[in-house]
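# Coordinate inspection notes
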Amino acid sequence: MRTRSPVASRRAWLWVAASAASGSKPRWRARVTVSPSTQAPAASVADDCLRLSAAKIDWGDRDAAGKHRKLWLEICRQAYAQNGDDPRIKVALAGAMTDRNEFIPLLRSAIAQNDTEAMLLLFNDYNSFDRHLDRPDLIPRAEAEQALRRAAELGNPDAMFRLATILTRGGPIKHDMAGARYWGQRLLVSKPPKDMTR
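Predicted model, so just to flag it, every value in this text is computed and none were measured.

Turning to the overall build of the chain, a few remarks are in order. Along its length, the chain carries nine helices and zero strands. Secondary structure elements of the chain, listed N to C terminal, follow the sequence α-α-α-α-α-α-α-α-α. Expressed as a percentage of the 198 residues in the chain, the buried residues total 38%. If you take every contact in the chain between residues at least 6 apart in sequence, the share linking residues at least 24 apart comes to 55%. Approximately 12,000 Å² of the chain is accessible, and the part contributed by carbon and sulfur atoms is 53%.

The subject of this paragraph is the state of the cysteines. Throughout the structure, instances matching the rule amount to one disulfide. Here cysteine 49 pairs with cysteine 76 through a disulfide, and the sulfurs are 2.1 Å apart. Disulfide cysteine 49-cysteine 76: the torsion about the S-S bond is 105 degrees, which places it as right-handed. Of the two residues, cysteine 49 sits in helix α2 (residues 42-54) while cysteine 76 sits in helix α3 (residues 62-82), which places them 27 residues apart along the sequence.

A complete count under the given rule lists seven salt bridges for this structure. The partner of glutamate 102 in a salt bridge is arginine 77, and the shortest N-O contact between them spans 3.8 Å. With glutamate 102 in helix α5 (residues 100-112) and arginine 77 in helix α3, this pair connects stretches of sequence that are 25 residues apart. Of the charged contacts in the structure, one is a salt bridge between glutamate 153 and arginine 150, with a shortest N-O distance of 3.8 Å. Of this pair, glutamate 153 and arginine 150 both sit in helix α7 (residues 141-153), separated by three residues, roughly a single helical turn.

Overall, the relative accessible area of 33% leaves arginine 150 in the partly exposed class. Beyond its immediate chain neighbours, meaning those up to four positions away, arginine 150 contacts Asn114 and Met119.

Okay, the nonpolar core next. Formed by 44 residues in total, the largest nonpolar core has its most connected members in Cys49, Leu122, Leu148, Leu163, Ile173 and Trp183. Secondary structure elements with two or more residues in this core: α2, α3, α4 (87-96), α5, α6 (116-126), α7, α8 (157-169) and α9 (177-189). If near-sequence neighbours (up to four positions away) are discounted, leucine 163 is found in contact with Leu148, Arg149, Ala152, Ile173 and Trp183.

Turning our eyes to something else, we now look at the packing of α6 against α8. Between α6 and α8, the least distance of the axes is 10 Å, while the angle of their chain directions is 35 degrees. Crossing of α6 against α8: the hand is left-handed. Residues Leu120, Phe123 and Asn124 of α6 form the contact with α8, whose participating residues are Asp158, Ala159, Arg162 and Ile166. Residue classes in the contact of α6 with α8 are distributed as four nonpolar, one polar and two charged.

A word on the environment of threonine 165. For threonine 165, the location among the structural elements is in helix α8. Separated by 19 residues in the primary sequence, threonine 165 and glycine 184 have C-alpha atoms spaced 8.4 Å apart.

For the rest of this paragraph, the subject is unusual backbone geometry. Backbone geometry places asparagine 114, a non-glycine residue, at a positive phi of 65 degrees. Along the chain, the position of asparagine 114 falls in the loop between α5 and α6. Residue classification places asparagine 114 among the partly exposed residues on the basis of a relative accessible area of 43%.

Thresholds applied
- Residues numbered from 1 in each chain as written.
- Predicted model: local features only at pLDDT ≥ 70, side-chain atom pairs only at ≥ 80, totals over all residues.
- Heavy atoms only, no water.
- Helix = DSSP H or I, 4+ residues; strand = E, 2+ residues; numbered from the N terminus.
- Buried < 20%, exposed > 50% of the residue type's maximum accessible area, 1.4 Å probe, protein only.
- Contact = heavy atoms within 4.5 Å.
- Areas by Shrake-Rupley, 256 points an atom, 1.4 Å probe, with all protein chains shown as cover.
- Disulfide = S-S within 2.5 Å.
- Salt bridge = Lys/Arg side-chain N within 4 Å of Asp/Glu carboxyl O.
- Core = buried A, V, L, I, M, F, W, Y, C linked by side-chain atoms within 4.5 Å.
- Axes fitted to C-alpha atoms, helices over the stretch in contact; angles between N-to-C directions.
- Left-handed = near helix turned anticlockwise from the far one by under 90°.
- Nonpolar A, V, L, I, M, F, W, Y, C, P; charged D, E, K, R; others polar.

Spelled out as C-alpha cells, the structure:
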C-alpha cells in the first residue's frame, strides 16, 4: 500500500474540504486525514493555516462550514504551537475560534505586535451582536475605539473606511464630521478597502 507524506495528506484533505465547501463533488471519496501527532514542516503548516483562514466559505452550508472550521482550527493550532510569535497565525487562529475568552487574548497579543487586521477584528467583535447586556463585555469601548483608530493610523484601508463611516454617522464612536473628512481624504489617497469598488 502506498503511503502519503504528512504534507501531501494535508493538502489532499484541504482539497477535499475546499471541494465540499464550494459545493463541487470530489473525484474520489477517500477521506485522508492528518493525525494530530503527525507534524509537518512549520512553514507548510503556517501556509495551510493562512490559506484556510483566507478561504471563501459558504457559511450557510452548515455541514461544509463546520468541517472547514474544524480543519481550520486544528491546522492553526498546530501552526501556533510551532510559531506562536507570528501575528498572522494568531489572527488566523482567532478567526477559527468561537469562544471569545480564547480568541480575544490572541487578538490582543497580535495588536501588541501592531497587526492592523487584529485591531480591526477586535473592534468588529466589540461592535458585533455577540455582546450580552446581563454581563460585562470582554472588550471595553475605549480599547475598541483605540484599536480602530490605531489600525487606521497604520494605514489599514478597511479601518480608515470604517472610522470615516462611523465618525460620519456616530455609533460606538462619537459623531465627528471633521474627523470623518480627515479619514475620508486619507482613504482616497490610499488603496481602497478589499470589498470596495470605485
